[in-house]
Amino acid sequence: MEHTAREFNRAKGKMADDLRMIVSDGEDLLKAAANASGEGFTAARAKIAEKVVSAKAKLADLSQPVVEKARQANEYVHASPWTVVGVATVVGILIGFLIAKR
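Given the structure is predicted, the values throughout are model-derived calculations rather than measurements. (Residues numbered from 1 in each chain as written. Predicted model: local features only at pLDDT ≥ 70, side-chain atom pairs only at ≥ 80, totals over all residues. Heavy atoms only, no water.)

Asker: Looking at this structure, I do not really get the overall build of the chain. What am I missing?
Answerer: Regarding its fold elements, the chain presents three helices and zero strands. The helix and strand sequence of the chain, counted from the amino end, reads α-α-α. Counting across all 102 residues of the chain, residues that qualify as buried make up 10%. In the chain, the proportion of contacts linking residues at least 24 apart, taken out of those at least 6 apart, comes to 52%. Of the roughly 8,200 Å² of accessible surface on the chain, 66% is carried by carbon and sulfur atoms. (Helix = DSSP H or I, 4+ residues; strand = E, 2+ residues; numbered from the N terminus. Buried < 20%, exposed > 50% of the residue type's maximum accessible area, 1.4 Å probe, protein only. Contact = heavy atoms within 4.5 Å. Areas by Shrake-Rupley, 256 points an atom, 1.4 Å probe, with all protein chains shown as cover.)

Pasting the structure below:
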């Protein structure tokens, strides 16, 4: 579980960096459009399009392990629902007990 959380946080950080890069490139595109240079605008637009495609590909790659873990959890819940209900009940009782003690 801890490994999955670390992997998720790493993916989240990489995605945030990619989104910052896209925003930065978008600002460059706006500056290029303000100058209205045909060549500069075309180059900036191509750069933005490349970054968006790259960010989408990275998101798909990084989300794959999270999707797989969710699929495994779903299969487990469907395979043994009463175990999950029992564990959830015990956890709920413990949380209720701890809250009541305060």
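Text resumes after the structure shown.
Asker: What am I meant to see in the confidence of the model for the chain here?
Answerer: Any residue range with low pLDDT should be treated as having predicted coordinates unsuitable for detailed reading. Here the chain averages 78 in pLDDT, while 85% of its residues score no lower than 70. The weakest mean pLDDT in the chain belongs to helix 1 (residues 2-35) at 72; the strongest belongs to helix 3 (residues 81-101) at 92. (pLDDT = per-residue confidence, 0-100.)

Asker: Can you help me understand the pattern of salt bridges in this one?
Answerer: Where charged atoms from two side chains of opposite charge come close, those side chains can pair. Summed over the entire model, instances satisfying the criterion amount to one salt bridge. The partner of R71 in a salt bridge is E68, and the shortest N-O contact between them spans 3.4 Å. With R71 and E68 both in helix 2 (residues 38-79), this residue pair falls three residues apart, about one helical turn. The class for R71 is partly exposed, based on a relative accessible area of 41%. (Salt bridge = Lys/Arg side-chain N within 4 Å of Asp/Glu carboxyl O.)

Asker: What is the right way to look at the environment of A49 in this model?
Answerer: Summarising the element assignment, A49 is placed in helix 2. For A49, a relative accessible area of 40% translates into the label partly exposed. Linking A49 and I22, residues 27 residues apart in sequence, is a C-alpha distance of 9.4 Å.

Asker: Sorry, what's going on with the environment of D61 here?
Answerer: Position of D61 relative to the elements: it lies in helix 2. Given a relative accessible area of 57%, D61 falls into the exposed group. In sequence terms D61 and A11 are 50 residues apart; their C-alpha atoms lie 9.3 Å from each other.

Asker: Can you help me understand a nonpolar patch on the surface in this one?
Answerer: Together, V87, V91, I95 and I99 give the surface a local cluster of nonpolar side chains, amounting to about 370 Å² of exposed area. Summarising the element assignment, I99 is placed in helix 3. (Patch = residues over 30% accessible without salt bridge, like charges linked within 9 Å, V, L, I, M, F, W, Y side chains within 5 Å.)

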